[in-house]
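Single-letter residue listing:
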Amino acid sequence: MKTFLNKVLVAYFAMTAGLILLNEPGYAYLWAGQGGTDVYIVHSGKDKEEKSALKKALGGDFKVKFYNVDLLALADYSGKQKAIIKLEKARIVIFIKDAPHELLEGSTLNTKVIIFNSGKDALKSKVKTFYLVDKTIAPPGGNTVRASSGSELNKAEAIRNADAVVVDGALDIYKAAALVVAALL
Amino acid sequence: MKTKNTGHYLTRAILYIILPGMLCGLLAQSSIRISGYGNTHLMDHDGTPNLTGRELDKSFIQLREFSLFFDMAITDAIIASTELEASNNGNDYTANYAYVDIQATDNLSFRVGKLLVPFLSYNENKPNFKQNLMSQPFTAWNLAPVVPVPIEFHGVGWSDAGAMVNWNTFIEDVGLLDVKLAVINGLGSESNVLDDNAVQLNDGAGLPYVRPRDGLIQNDEASELIDNNGNKATVIKIAFKTLAFPMDAGLSWYRGKWDNNDSKNLEMLGGHFNWLSRNWTFKGEYVVAAVEQDAGLDPVAAAGLSGPSSINTTVGNYNMSAYYAEASATPFHWDNSRYLKFVARYDAVDTNDKAVFNPFDRSRITVGLEWQLGKNTRLRYEYQRSTINDFDKAPAPYKNAGGNETIEMHMPSLIFSF
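Residues numbered from 1 in each chain as written. Chains lettered and ligands numbered in written order. Predicted model: local features only at pLDDT ≥ 70, side-chain atom pairs only at ≥ 80, totals over all residues. Heavy atoms only, no water.

**Examining the overall build of chain A**
Next, step 1: Across its full length, chain A carries six helices and nine strands.
Next, step 2: A buried classification covers 50% of the 185 residues belonging to chain A.
Next, step 3: Looking at chain A as shown, the accessible area adds up to about 8,300 Å², and 53% of this sits on carbon and sulfur atoms. (Helix = DSSP H or I, 4+ residues; strand = E, 2+ residues; numbered from the N terminus. Buried < 20%, exposed > 50% of the residue type's maximum accessible area, 1.4 Å probe, protein only. Areas by Shrake-Rupley, 256 points an atom, 1.4 Å probe, with all protein chains shown as cover.)

Take a look at the structure:
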């Protein structure tokens, strides 16, 4: 066991040094095949319907990954900041409903953030914090667009200039999410 | 044959490869986050015995911990992390953990390096900005091996070098099942008894040494991550988080040889429970440890100390147990970030020392009050009252040195996190 553990550790140290080196800008092309994550969808176990519907709406146009915030309840005390730095590797992070705000409270991300169907403001982005909510939820403020048919969201520039979209009428909120993601990416 | 190579390699690798590597990473790219916490407190005891060179009843102000967390995302699936902690008024610096996480699938990850031992709940959630009280429960520092006697308190958690596999699965509409399996160097002792610590009382006369059974301590070498034998310890933690309630519970198990000759087992089994809601928390842990060791040895002599032992010689194999139950209520909230919280905890440790007297066989009541001034700053006050079991058997030197049946402690503190 001792010899085996030594080998594992030597391999691990070599790998760490190698990964750090390869992550330098001059070697970035080596990671091209890995492909960056476009969207991280952050949800709790209770929000599986929203998670699935968002995944379906975003379709094959984007590389989407999921993160279940319930994992944080069983992680060690560094779990929160590790979750944030993991999510920041995506170009957009979508937080579904209230649970992420409670478990990642006070975090500010260095990537674009979409708050989906929550009016809470415990999560923010240094780049762009965007609210996408249905008519029962009031976003915290800013430039709000009310969308009822989708025509309001057909111009990417209009979305990028907004801080929130409140979906009303016949427009499907998941279809609106796809339009917002496409505009913000 | 006694080997120290693994520990030497690990320690040096952490010091000379991981930390400099992370520093290089910091300079090379921007996917790094720095966060942390710190606290300072006034600690005022009454009823403790005088020790040679230190009177524990004298109050003191201490910078207890100042920690910086460094997390570097190499990709979203590979994250290197470390926590550097200054403790004991900045006189001790420790990397509480330094490891790399590799996420293999959504449900499976690997962690290698110096890691927090996944045993019970408290050890993985030790920082006081995550806890309701400053003082650690007996399960965490008086039994599940974390720190030695208070005079040598360094405030660090239980971490060790090794590797861990973490697997989890979601059970539809029910909750999350999480399993951690770690192989680590394990606990050890160079002497023939595991709890070989000894302190010298100052009773104004004979300066006798006594052995407080102070927990299944990591000896000096083990605390430097250098193992005293070739055996590797195994730790398993199985936890479950419900979806319906803010509740989780779990079982933990540890087994490893602790002696130089790979012949004596230390085995621990424990359980934990947490209910963590906005206005109420309930927490508890129970742990029992079974230690194999030879009978008849004088632990004071075994520790290489001279002078008479006024307590006991070892009785061989023994079991210890400890538990705590804690509740908090937060009835007052302001501005989403300010609150006032009331806390109470009861904990007890059974050293099962079979000695005439053991000052560390005791129970304790702790009550506390916490005021969160702002998003990242808290004022906390706690009062403790410990009661030593079988104090009528306390030897004269212990009483002459000022030791009482009850020990009281007041501790106001200031905590910040960022």
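**Examining the pairing of strand β9 (residues 175-184) of chain B**
Residue and element names in this part refer to chain B.
Next, step 1: Of the strand pairs in this sheet, strand β8 (residues 159-171) and β9 are connected by 10 bridges, and their pairing is antiparallel. Counted as the bridge partner of M164 is A182 from β9.
Next, step 2: As defined by bridge partners, β9 adjoins strand β12 (residues 233-242) across 10 bridges and the pair is classed as antiparallel. Considered in β12, the bridge of V179 is made with I238. (Pairing = 2+ DSSP bridges.)

**A closer look at the environment of D70(A)**
Residue and element names in this part refer to chain A.
Next, step 1: In this fold, D70 is placed in the loop between β2 (64-68) and α3 (79-87).
Next, step 2: With a relative accessible area of 6%, D70 lands in the buried category.
Next, step 3: Placed 27 residues apart in sequence, D70 and H43 show a C-alpha to C-alpha distance of 8.2 Å.

**A look at the packing of aromatic side chains**
Think of a pair of aromatic rings as described by two things: how far the centres are apart, and how the planes are tilted against each other in angle.
Next, step 1: With the rule as written, the count across this model stands at 15 aromatic pairs over all chains.
Next, step 2: Where W158(B) meets Y254(B), the ring centres are 5.6 Å apart and the plane angle is 50 degrees; that geometry is what we call tilted. Of this pair, W158(B) sits in the loop between α2 (138-143) and β8 while Y254(B) sits in strand β13 (residues 247-257), and the two are 96 residues apart along the sequence. An identical accessibility class is assigned to W158(B) and Y254(B); each is buried.
Next, step 3: Grouping aromatic residues by their ring pairs yields a cluster made of Y77(A), Y37(B), F69(B), Y97(B), Y99(B) and F129(B).
Next, step 4: Positioned above the aromatic ring of Y99(B) is the side chain of R111(B), whose terminal nitrogen or guanidinium carbon lies 4.0 Å from the ring centre. (Phe/Tyr/Trp six-rings, centres within 6.5 Å; stacked < 30°, edge-to-face > 60°. Lys NZ or Arg CZ within 6 Å of the ring centre and 35° of its normal.)

**A closer look at the pattern of salt bridges**
Residue and element names in this part refer to chain B.
Next, step 1: The full count for this structure, using the stated rule, is 28 salt bridges over all chains.
Next, step 2: K126 is the salt-bridge partner of E85, the closest N and O atoms lying 3.9 Å from each other. Taken together, the residues span a long stretch of sequence, with E85 in strand β5 (residues 78-87) and K126 in the loop between β7 (108-116) and α2 at a distance of 41 residues. The pair formed by E85 and K126 is uniform in burial state, with each residue classed as buried.
Next, step 3: Connected through shared salt-bridge partners, R64, E65, E85 and K126 make up one network. (Salt bridge = Lys/Arg side-chain N within 4 Å of Asp/Glu carboxyl O.)

**Comments concerning the confidence of the model for chain B**
Next, step 1: Of the residues in chain B, 81% have a pLDDT of 70 or more, and the chain-wide mean is 83.
Next, step 2: For the stretch residues 146-153 of chain B, pLDDT sits under 50, and the model shows 32 contacts to residues farther than four places along the chain or on other chains. (pLDDT = per-residue confidence, 0-100. Contact = heavy atoms within 4.5 Å.)

**A look at the pairing of strand β1 (residues 39-43) of chain A**
Residue and element names in this part refer to chain A.
Next, step 1: Here β1 lies mainly inside the structure; five of its five residues are buried.
Next, step 2: Across the two faces of β1 the burial is the same, with V39, I41 and H43 and Y40 and V42 all buried.
Next, step 3: Note: β1 against β2, five bridges, orientation parallel. Bridge pairing in β2 links Y40 to K65.
Next, step 4: At this point the chain moves from β1, through helix α2 (residues 48-58), to the parallel β2, and the crossover so formed is right-handed.
Next, step 5: In the sheet, β1 pairs with strand β3 (residues 92-96) via four bridges, with the strands oriented parallel. Bridge pairing in β3 links V42 to F95. (Right-handed = clockwise from strand over helix to strand, strands pointing away.)

**A few points about the side chain of N274(B)**
Residue and element names in this part refer to chain B.
Next, step 1: With respect to the element layout, N274 can be found in strand β14 (residues 265-276).
Next, step 2: On the basis of relative accessible area, N274 is assigned to the buried category, the value being 6%.
Next, step 3: Within the structure, the side chain of N274 is placed 3.0 Å from the side chain of S121, a separation counted as a polar contact.
Next, step 4: If near-sequence neighbours (up to four positions away) are discounted, N274 is found in contact with S121, P246, M247, D248, F282 and K283. (Polar contact = N/O pair within 3.5 Å; in protein donor to acceptor, adjacent residues only side chain to side chain.)

**Focus: the sheet that holds β2(A)**
Residues and elements named next belong to chain A.
Next, step 1: Spatially, the seven strands line up as an open sheet ordered β2-β1-β3-β5-β7-β9-β8, and their pairing is parallel. Edge positions in the open sheet fall to β2 and β8 (144-147), since each of these has one partner strand only. Going from strand to strand, the sheet's axes swing by 20 degrees on average, the running direction of each strand aside.
Next, step 2: Of the strand pairs in this sheet, strand β7 (residues 129-134) and strand β9 (residues 164-167) are connected by four bridges, and their pairing is parallel. Residue pairing in the sheet places D134 in a bridge with V167 of β9. (Axes fitted to C-alpha atoms, helices over the stretch in contact; angles between N-to-C directions.)

**Some points on α3(A)**
Next, step 1: Of all nine residues in α3(A), eight are buried; the element is thus mostly enclosed.
Next, step 2: Listed in full, the buried residues belonging to α3(A) are G79(A), Q81(A), K82(A), A83(A), I84(A), I85(A), K86(A) and L87(A).

**Some thoughts on the nonpolar core**
Next, step 1: Counting residues in each nonpolar core, the largest one holds 38 residues, and the members touching the most others are F119(B), I184(B), Y254(B), L266(B) and M268(B).
Next, step 2: If sequence neighbours within four positions are ignored, I184(B) has contacts with L115(B), V117(B), D160(B), A161(B), G162(B), K232(B), A233(B), V235(B) and Y254(B).
Next, step 3: Counting 29 residues, the second-largest nonpolar core is a separate cluster that includes I92(A), I159(A), A177(A) and A178(A). (Core = buried A, V, L, I, M, F, W, Y, C linked by side-chain atoms within 4.5 Å.)

**Topic: the packing of α2(A) against helix α6 (residues 173-184) of chain A**
All names here are of chain A.
Next, step 1: In contact at an axis separation of 9 Å, α2 and α6 are set at 55 degrees when each is read in the N-to-C sense. One finds that α2 runs oblique with respect to α6. Here the hand of the crossing between α2 and α6 comes out right-handed. Facing E50, A53, L54, A57 and L58 of α2, the residues of α6 in contact are Y174, A177, A178 and V181.
Next, step 2: Residues belonging to the contact of α2 with α6 are distributed by class as follows: eight nonpolar, no polar and one charged. (Parallel < 35°, antiparallel > 145°, perpendicular 65-115°, else oblique. Left-handed = near helix turned anticlockwise from the far one by under 90°. Nonpolar A, V, L, I, M, F, W, Y, C, P; charged D, E, K, R; others polar.)

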